[in-house]
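# Topology and contacts: notes
What follows is each chain in one-letter form.
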Amino acid sequence: MEDYQAEKPNVLQSPPLDITVPYDAAWVNHKVILITGGASGFGAGFVRQWTKHGATVVVGDVNVQKGDALCREINGASQSSGKAHFVHCDVTDWQSQVNLFKEAVKLSPHGGIDCVAANAGIAGNDVLQQGVNLDAAEPPPPDFKIMDVNLTGVLYTTHLACFWLPKNPGSSPCSIDAKPSASSPRDRHLLLLGSVASLGPITVQPQYCAAKHAVLGLFRTLRVTSGLQGIRVNLLCPYFIDTPIVTTGARFVLAGGALGKVEDVVDAGTRFVSDSRILGRALVVGPKVHVRQKESGEWELVTPGAPNSIETAVFEPYADDWEDQDQWNRTFVKLLNMVQAGRGWMGWAQDIVKATLYSFGVGR
Ligand SMILES: NC(=O)c1ccc[n+]([C@@H]2O[C@H](COP(=O)([O-])OP(=O)(O)OC[C@H]3O[C@@H](n4cnc5c(N)ncnc54)[C@H](O)[C@@H]3O)[C@@H](O)[C@H]2O)c1
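Because the structure is predicted, anything quoted here is derived from the model rather than measured. (Residues numbered from 1 in each chain as written. Predicted model: local features only at pLDDT ≥ 70, side-chain atom pairs only at ≥ 80, totals over all residues. Heavy atoms only, no water.)

### Observations concerning the overall build of the protein
For clarity, the cut-off: Counting from the N terminus, the helices are DSSP H or I runs at least four residues long and the strands are E runs at least two residues long. Each radius of gyration reported is based on C-alpha atoms, and the globular scaling rule is 2.2 Å times the count of residues to the power 0.38. The classification of residues rests on relative accessible area computed with a 1.4 Å probe and restricted to protein chains. Under 20% of the type maximum is buried, over 50% is exposed, and intermediate values are partly exposed. When checking whether two residues touch, look at their non-hydrogen atoms; a contact exists if any pair is within 4.5 Å.
Along its length, the protein carries nine helices and nine strands. Whereas a compact globule of 364 residues would reach a radius of gyration of roughly 21 Å, the protein reaches 23 Å, a difference of no more than 12%. Oriented by its inertia axes, the alpha-carbon framework of the protein measures out at about 75 × 65 × 50 Å. When the 364 residues of the protein are sorted by exposure, 44% land in the buried category. Sequence separation of at least 24 residues holds for 72% of the intrachain contacts in the protein that already meet a minimum separation of 6.

### A closer look at a nonpolar patch on the surface
The criterion, for reference: Residues form patches when they are more than 30% accessible in relative terms and have no salt bridge. Like charges link within 9 Å. Nonpolar side chains (Val, Leu, Ile, Met, Phe, Trp, Tyr) link within 5 Å. To measure how exposed things are, a 1.4 Å probe is used in the Shrake-Rupley method; for residues, cover is taken only from the protein chains shown. Each salt bridge in this description consists of a side-chain nitrogen of Lys or Arg and a carboxyl oxygen of Asp or Glu lying within 4 Å of one another.
There is a patch of nonpolar side chains on the surface, built from Trp328, Phe332, Leu335, Leu336 and Met338 and spanning about 550 Å² of accessible area. On the secondary structure map, Leu336 appears in helix H9 (residues 319-359). What makes Leu336 partly exposed here is its relative accessible area of 46%.

### Notes on the site of the ligand
What counts is decided by this rule: A cutoff of 4 Å decides nearness: a residue is near a molecule or strand if any of its heavy atoms lies inside that distance of it. For this analysis, a polar contact is any N or O atom pair within 3.5 Å, provided that within protein one partner can donate a hydrogen and the other can accept it, and provided that sequence-adjacent residues contribute only side-chain to side-chain pairs. Gly is put with the polar residues, along with every residue not named as nonpolar or charged; the nonpolar set is Ala, Val, Leu, Ile, Met, Phe, Trp, Tyr, Cys and Pro, and the charged set is Asp, Glu, Lys and Arg.
Taken together, 29 residues sit near the ligand, with Ser40, Asp61, Tyr208, Ile241 and Thr243 positioned nearest. The separation between an oxygen atom of the ligand and a polar side-chain atom of Ser40 is 2.6 Å. Here a nitrogen atom of the ligand sits 2.9 Å away from a polar atom, N or O, in the side chain of Asp90. For the ligand, whose free accessible area comes to 830 Å², the fraction covered by protein is 93%. Elements supplying a minimum of two residues to the shell around the ligand: helix H2 (41-52) and helix H6 (206-225). By residue class, the composition of the shell around the ligand is 17 nonpolar, nine polar and three charged.

### Brief notes about the side chain of Asp264
Tracing the backbone through its elements, the reader meets Asp264 in helix H8 (residues 262-274). Sequence-distant contacts of Asp264, that is, excluding residues within four places in its chain, are made with Val285, Gly286, Lys288, Ala313 and Val314.

### Details of unusual backbone geometry
One non-glycine residue, His30, lies in the positive phi region at around 70 degrees. The residue His30 is located in the loop between helix H1 (2-7) and strand E1 (32-36) in this model.

### Structural notes on the packing of helix H4 (residues 94-107) against helix H5 (residues 145-164)
Quick note on the threshold: Between N-to-C directions, angles span 0 to 180 degrees; the directions come from axes that are lines fitted to C-alpha atoms, helices contributing only their stretch in contact. Put simply, a crossing is left-handed when the front helix is turned counterclockwise from the back one by less than a right angle, and right-handed when it is turned clockwise.
Put simply, H4 and H5 touch, their axes get as near as 10 Å, and they point 35 degrees apart. H5 is crossed by H4, and the crossing has right-handed handedness. Together, Trp94, Gln97, Val98, Phe101, Lys102 and Val105 of H4 and Gly153, Tyr156, Thr157, His159, Leu160, Ala161 and Trp164 of H5 make up the contact between the two elements. Here the contact of H4 with H5 is composed, by residue class, of eight nonpolar, four polar and one charged.

### Points about the pattern of salt bridges
One pass over the structure, following the stated rule, counts 13 salt bridges. The closest approach of N and O atoms between Asp275 and Arg277, which form a salt bridge, is 2.9 Å. Among the residues examined, Arg277 registers a relative accessible area of 30% and is labelled partly exposed. Here the salt bridges do not stand alone but share partners, grouping Lys31, Asp187 and Arg232 into one network.

### Remarks on the pairing of strand E2 (residues 56-61)
For clarity, the threshold we go by: The criterion for strand pairing is that DSSP finds at least two bridges linking the strands in question.
Within E2, six of the six residues are buried, which leaves it mostly tucked inside the rest of the structure. Of the two faces of E2, the one holding Thr56, Val58 and Gly60 and the one holding Val57, Val59 and Asp61 are both buried throughout. Two elements, E1 and E2, share five bridges in a ladder whose sense is parallel. Bridging from a neighbouring strand, Val32 pairs with Thr56 of E2.

### Concerning the packing of aromatic side chains
Which entries qualify depends on this criterion: Any Phe, Tyr or Trp ring, taking Trp's six-membered ring, that has another such ring centre within 6.5 Å forms a pair; planes under 30 degrees apart are called stacked, those over 60 apart edge-to-face, and the others tilted. A ring is scored as having a charge over it whenever the NZ atom of a lysine or the CZ atom of an arginine sits within 6 Å of its centre and within 35 degrees of its normal.
In total, this model carries seven aromatic pairs according to the counting rule given. Look at Phe163 and Trp164: their rings are 4.8 Å apart centre to centre, the planes differ by 80 degrees, and that puts the pair in the edge-to-face class. Owing to a relative accessible area of 16%, Trp164 belongs among the buried residues under this scheme. An aromatic cluster of three or more residues is present, and its members are Phe101, Phe163 and Trp164. One cation-aromatic arrangement involves Lys167 over Trp164; the distance from NZ or CZ to the ring centre is 5.7 Å.

Okay, structure coming up:
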């Protein structure tokens, strides 16, 4: 770990993940986890898995019926050693999210939150590019609900996580040298839900794609700065996975390909949540495949059992490109700082005079 940091001193993240190395799901024991959109799909899978391993999970969702039924089922099941609580929450409503976080702190056995999973999301008909009502005198106002839920909602969740995680009682700032164990549950972790739509275009879903690209931008920025508050941040980028968010239309379009499975997303998310040494990493989850990595780094599909192959649904995307990009950004900033230093106080004074004149309208 130390060598890695010495090699990449400007990147505040842990080394690339070796997903063939097992983690212990028991490390989620006694953690308190708040999840938005936990009533269905991945969310419900996470809630089941994390409570099974002893976590207290507070589920915020607009779907009261599903969320309430899930929590009742979990709390009544003998195999769950943890507890699930449902709180109605509309992530697009600031006060509703504030209420969710306050409730979570009240319900928490130790009075704090160890992990926040910003999972709520929607997809569907995207008004952009539909080309309807072109004869109207004035264009009708667009419906940006997908942006509201998938971006504004996530920003609210992130803002609240940055308020509550650093003051989680008994927690210390995140570190790649942390020693995860079932008996040391305290953490400060933000898990973001991106998508393969964070990494590339998804046809006919421009709003969804824009929101998920923004979540990637949020992740990349937070992973550099959230260390100041001791918060670790990780990102899941699932491919199309079989949950209710995948519309009937999308299922027709995807026919012949392979949808991924919720259990593999739950597995990747549980690795992040349980292993507190993982800082600033992203994982793509797709359908399970037998693959082998060539020397060039490219993956090839192989028959089961082929030499040096693994069976996996999880890949780390562009990890090294991002690190190099972050290094480049740092170098660029250094360059700009050198220009500033070269201009010295004289350059600063000239700019101040110009800015003052600008405020009086000179040079506009
Ligand atoms: N399934 C996929 O193919 C896929 C792929 C990539 C990313 N994702 C992302 O994973 C996350 C979970 O999606 P899923 O596949 O489990 O879908 P899902 O539809 O099964 O679950 C989404 C949950 O979010 C809740 N929700 C919607 N609007 C909300 C709001 N305003 N406030 C609170 N809760 C709200 C829903 O009620 C639902 O319980 C989403 O962010 C989605 O964009 C899904």
